[in-house]
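# A closer look at the structure
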Amino acid sequence: MSAVRFRVGGVPEHFNYPWYMAGDDHPKFEWVVQPGGTGAMCEGLRSGALDIALLLTEGAVADLHKGNPSQIIGTYVSSPLTWGIHVAAGSPYQSVEDLEGKVFGISRYTSGSHLMAYVNARQLDWDTSALQFEVVGNFEGARQAMQEGRIDAFMWEKYTTKPTVDSGEWRRPGVCVTPWPCFVLVAREEIVEQYQPELLELMHDIRQRLDHTDRTEKLRFISDHFKLQPEDVADWYSQTTWSCAPAIAASELEKVQHDLQALGIIDAPVPPRQLCAPFVTFAEENLSSVMYNWRVESVYKKLEEEGLAEGRLQLSDLLGLGHLDQYHYLGAEACYEVAEALSLEDSDYVYDVGSGVGGTARVLADCSGCRVLGVELQPELCRLSTELTRRAGLSDRVEFRAGDLLNYDWEGTFDHFISLLVFLHVPDRAKVLAHCHKALKPGGRFFIEDFVVRNPLSTKEARQLKETVSAQSVSNTEVYLQALEQAGFTDLKVVEMDTLWREWTRKRFDEFKGNQAAHRSFYGEALFENRLSFYQTIADLFAGGNLGGVRITGRKKS
């Protein structure tokens, strides 16, 4: 990856403690304090003063609707935000209801304090057209405006303002809780386009700090740095959930837009995908956690055991990881068969659909000299792919992109595409095949390995394929070939893999079970049992004779 240091903007508040703990000289980012809040940061993104900003969700969505050339790259804090509704200590207003028709201070128009004043008014059934506002710039500006009597109320995060309330300067007659995750990460479009791997790596670094820093150390730092009482920090921390990951719930974005439209802040909702970077996954899209979530930590753990936690890796080191590197059947042998079947050369450009942690792509590049672009739905697997490939010295020939491949348009780019045990997970195979056809150059060839149905599946088998394997599209061979022909492919050739895969999956299960003492020690009891059950399910499905496998090759018409 190229050396890039992002300019990251965020408010000087406790939510952003991991960025402060990382220090001023972090090699991957420069922290740019933004006391003006979401509105100021939106302006910073527009002007190019910021590369990334940690924004209130509602403020980010509102400004993207207004043409901010940026995209959501992930969820930062997934729990809702509690906004305190504040008045001066000597104010005559004793309840939130008393504030109807009064003047609310806001940091700036379309800021979080502005938008949440609308949300609060709507929750209380006030006439939102009668709301009155006074721009105060930031928290200190609000204190001054309150003191001078220019504003009657001000909404700001509850714990940030608690010292002001505790001192007797302000009172808090009520709160308003956001009905959605409170903070998202947003980056300028040009940053998204140029630095996807680096963005994924930055989020990973911050997530590691969130997950692995001692809780006591974190609470002490937050209390000391942000001048908050320890008991308040502990209370706030227990209510807060960080994500810092390239994922978000599409339903949450729909909810935000619905409320913003009802408030007259946006004209009409747009598809959530339109607001997000192509590598952002929606929570509704994630595949079975039993299949994928364990893999990243297992790779790191195995490399550490082998004394390879840092430094240069040989391809043989990664192949030694076995199923942690090669997700398909038959391991590296299948990769070499791909290279032979497609007659790969150093001038070829290969599209690896569903690239996992990049094992197949690295082998193909190493054995043939070809270039490979892999796309992987799971961002964390994609991030690890880039890291391992860089350490193996293959970044000049192999790169990866995260997210749904349908979010990308690579018309006429590739000489070949490959897909090893991936299409079975795709809910709309026709769309994906059309995408792959479009991505190939005229005459481009492909290599697919996938599940097929030989006989009608039993109710149990169908359930296992869906729930355990996350299989969405498994058909018989005839239907599969028809789908390929309808997508525009020709010269289709089929090799049945049933016997070979039946034997291989049974051997995998037997060996895993036979070496269970070592595997229990490595994976832990719960994960070992999950993997054992998964391997047995696959072996039994092939042994039952109703599920089979195929290798299909063909080409796009010239």
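Residues numbered from 1 in each chain as written. Predicted model: local features only at pLDDT ≥ 70, side-chain atom pairs only at ≥ 80, totals over all residues. Heavy atoms only, no water.

## Notes on the overall build of the protein
Within the protein, the regular secondary structure consists of 23 helices and 20 strands. Relative to a compact globule of 558 residues, whose C-alpha radius of gyration would be 24 Å, the protein shows 27 Å and is just as compact. Seen through its C-alpha atoms, the protein measures out along the principal axes to roughly 80 × 50 × 50 Å. In the protein, once contacts between residues fewer than 6 apart in sequence are set aside, the share between residues at least 24 apart is 78%. Surface exposure of the protein reaches about 22,700 Å², of which carbon and sulfur atoms provide 46%. In the protein, 55 positive and 79 negative side-chain charges are present, and the distance between their average locations comes to 2 Å. (Helix = DSSP H or I, 4+ residues; strand = E, 2+ residues; numbered from the N terminus. Rg over C-alpha atoms; globule rule 2.2 N^0.38 Å. Contact = heavy atoms within 4.5 Å. Areas by Shrake-Rupley, 256 points an atom, 1.4 Å probe, with all protein chains shown as cover. Lys, Arg positive; Asp, Glu negative; His and termini not counted. Charge placed at Lys NZ, Arg CZ, Asp CG, Glu CD.)

## Some words on empty space enclosed by the protein
The full count for this structure, using the stated rule, is one cavity of 30 Å³ or more. In this structure, the largest cavity occupies an estimated 150 Å³ of space. Around the largest cavity, the lining comprises 18 residues; the ones closest to its centre are V11, E13, L56, W83 and W156. A per-element tally of the lining of the largest cavity places helix 2 (residues 38-47) first, with three residues. Here the lining of the largest cavity is built from residues that sort into eight nonpolar, eight polar and two charged. (1 Å grid on protein atoms, 1.4 Å probe; cavity = no way out; pocket = protein on both sides within 12 Å on 5 of 7 lines; lining within 4 Å. Points joined across faces, edges and corners; volume = space filled by probe spheres on them. Nonpolar A, V, L, I, M, F, W, Y, C, P; charged D, E, K, R; others polar.)

## Examining the pattern of salt bridges
Side-chain pairs of opposite charge can arise where the charged atoms are in close proximity. Scanning the entire structure with this criterion turns up 33 salt bridges. With a shortest N-O distance of 2.6 Å, E169 and R143 are connected by a salt bridge. Of this pair, E169 sits in the loop between helix 6 (162-166) and strand 9 (170-177) while R143 sits in helix 5 (residues 139-148), placing them 26 residues apart in sequence. Look at R143 and you get partly exposed, because its relative accessible area is 27%. With its nearest N and O atoms 3.0 Å apart, the salt bridge here joins K162 to D166. In this pair, K162 and D166 are both assigned in helix 6, four residues apart and thus about one turn of the helix distant. Assessed through its relative accessible area of 19%, K162 is described here as buried. Judged by relative accessible area, which is 47%, D166 ranks as partly exposed. (Salt bridge = Lys/Arg side-chain N within 4 Å of Asp/Glu carboxyl O. Buried < 20%, exposed > 50% of the residue type's maximum accessible area, 1.4 Å probe, protein only.)

## Section: the pairing of strand 3 (residues 52-56)
Counted residue by residue, strand 3 has five buried out of five residues, so it is predominantly covered. Relative to strand 3, strand 1 (residues 6-10) is paired through two bridges, and the arrangement is parallel. Within strand 3, the residue paired with V8 across the bridge is I52. As judged from the five bridges shared by strand 3 and strand 10 (residues 183-188), these two strands associate in the antiparallel manner. Counterpart to L54 in the pairing with strand 10 is L185. (Pairing = 2+ DSSP bridges.)

## Overview of the environment of M116
Tracing the backbone through its elements, the reader meets M116 in helix 4 (residues 112-123). For M116, a relative accessible area of 0% translates into the label buried. Once residues within four sequence positions are removed from consideration, M116 is found in contact with E58, W83, M155, C176 and T178.

## Re the environment of S79
Counting through the fold element by element, S79 comes out in the loop between strand 4 (70-77) and strand 5 (82-88). Classification of S79 as buried rests on a relative accessible area of 8%. Counting along the chain gives 83 residues from S79 to K162, while the straight-line C-alpha distance between them is 19 Å. The residues touching S79, leaving out its near neighbours within four places in the chain, are W180, P181, C182, Q239, T240 and T241.

## Quick notes on the side chain of H14
Within the secondary structure, H14 is located in the loop between strand 1 and helix 1 (17-21). Overall, H14 belongs to the buried group, its relative accessible area being 2%. Within polar-contact distance, the side chain of H14 engages the side chain of E157 at 3.0 Å. Those residues in contact with H14 that lie beyond four places of it in its chain are E157, Y159, T160, I222, F226, L228 and W236. (Polar contact = N/O pair within 3.5 Å; in protein donor to acceptor, adjacent residues only side chain to side chain.)

## Considerations on the confidence of the model for the protein
Predicted confidence across the protein gives a mean pLDDT of 94, with 98% of residues reaching 70 or more. A low-confidence stretch, residues 287-291 stays under pLDDT 50, and its non-local contacts, those more than four residues away or across chains, total 17 contacts. (pLDDT = per-residue confidence, 0-100.)

## A few points about the sheet that holds strand 4
The strand order 2-1-3-10-4-11 describes an open sheet built from six strands, whose pairing is mixed. Edge strands, defined here as strands with exactly one partner in the open sheet, are strand 2 (29-33) and strand 11 (242-245). Within the sheet, the average angular offset between the axes of one strand and its neighbour, ignoring direction, is 30°. Relative to the sheet, helix 2 contacts strand 1, strand 3, strand 4 and strand 10, its axis offset from that of strand 3 by approximately 150°. (Axes fitted to C-alpha atoms, helices over the stretch in contact; angles between N-to-C directions.)

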